[in-house]
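Spelled out, the chains give:
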Amino acid sequence: MVNNKNDQLDAVFHALADPTRRAMVARLAQSPCGISELAAPFEMTLAAVSKHIKVLEGAGLVVRSVQGRNHTCALDTRPLHGGIEWLRHYEQFWNQRLDALTAALVADDQAKKPTE
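This one's a predicted model, so the numbers in the text were calculated from it and none came from an experiment.

Looking at the packing of helix α2 (residues 19-30) against helix α4 (residues 46-58)
Thinking step 1. Where α2 contacts α4, the two axes come as close as 10 Å, and the packing angle between them is 75°. Our classification of the angle between α2 and α4 gives roughly perpendicular. Counting all contacts with α2, which are made through Thr 20, Arg 21, Met 24 and Val 25, the residues of α4 involved are Val 49, His 52, Ile 53, Val 55 and Leu 56.
Thinking step 2. Taken together, the residues of the contact of α2 with α4 sort by class into 6 nonpolar, 2 polar and 1 charged.

Dropping the structure here:
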């Protein structure tokens, strides 16, 4: 089970590592749209856009619905929650370490002050 969760987290971070896919996620955060509309801002073929969408789908970030020849993509933010949890864990870790460092430096400065 843990491995599956790690695989999901790896897929999300891999998908978001690419600026084109992050731009697609940002666009889909506004509203669902078709493949052509999603591809419009990018100078690439529809085949290349489709590959990016498949990576996003593989990470669970995009859900595609098909009606006839029309493919509509929508954002699913649920997989992002695992990434947010992971980042929060390390945010707390580093905040604790930095707070301890600050306290140690303040104590060191206080110890070095001449007594009056």
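Digging into the side chain of His 52
Thinking step 1. Mapped onto the fold, His 52 is located in helix α4.
Thinking step 2. Residue classification places His 52 among the buried positions, given a relative accessible area of 14%.
Thinking step 3. Residues within four places of His 52 in sequence aside, it is in contact with Asp 18, Thr 20, Arg 21, Met 24 and Met 44.

Considerations on the confidence of the model for the protein
Thinking step 1. For the protein, the average pLDDT comes to 89, and 95% of its residues sit at 70 or higher.
Thinking step 2. Within the protein, helix α1 (residues 2-16) has the poorest average pLDDT of any element, 84, and α2 the best, 97.

Side note on the nonpolar core
Thinking step 1. Counting 17 residues, the largest nonpolar core has Met 24, Leu 38, Ile 53, Leu 56 and Cys 73 as its most contacted members.
Thinking step 2. The set of elements that each furnish at least two residues to this core consists of α1, α2, α3 (35-39) and α4.
Thinking step 3. The residues contacting Leu 56, other than those within four sequence positions of it, are Ala 15, Arg 21, Met 24, Val 25, Leu 61 and Val 62.

Regarding the pattern of salt bridges
Thinking step 1. Scanning all chains against the criterion turns up 4 salt bridges.
Thinking step 2. The residue Arg 64 makes a salt bridge to Glu 57 at a minimum N-O spacing of 3.0 Å.
Thinking step 3. A relative accessible area of 23% means that Arg 64 is categorised as partly exposed.
Thinking step 4. Look at Glu 57 and you get partly exposed, because its relative accessible area is 26%.

With respect to the pairing of strand β2 (residues 62-67)
Thinking step 1. Pairing of β2 with strand β3 (residues 70-75), which is carried by 6 bridges, proceeds in the antiparallel orientation. Counterpart to Ser 65 in the pairing with β3 is Thr 72.
Thinking step 2. Hairpin connection from β2 to β3: 2 residues lie between these consecutive antiparallel strands, with Gly 68 at a positive phi of about 65°.

Quick notes on the rules
- Residues numbered from 1 in each chain as written.
- Predicted model: local features only at pLDDT ≥ 70, side-chain atom pairs only at ≥ 80, totals over all residues.
- Heavy atoms only, no water.
- Axes fitted to C-alpha atoms, helices over the stretch in contact; angles between N-to-C directions.
- Helix = DSSP H or I, 4+ residues; strand = E, 2+ residues; numbered from the N terminus.
- Parallel < 35°, antiparallel > 145°, perpendicular 65-115°, else oblique.
- Contact = heavy atoms within 4.5 Å.
- Nonpolar A, V, L, I, M, F, W, Y, C, P; charged D, E, K, R; others polar.
- Buried < 20%, exposed > 50% of the residue type's maximum accessible area, 1.4 Å probe, protein only.
- pLDDT = per-residue confidence, 0-100.
- Core = buried A, V, L, I, M, F, W, Y, C linked by side-chain atoms within 4.5 Å.
- Salt bridge = Lys/Arg side-chain N within 4 Å of Asp/Glu carboxyl O.
- Pairing = 2+ DSSP bridges.

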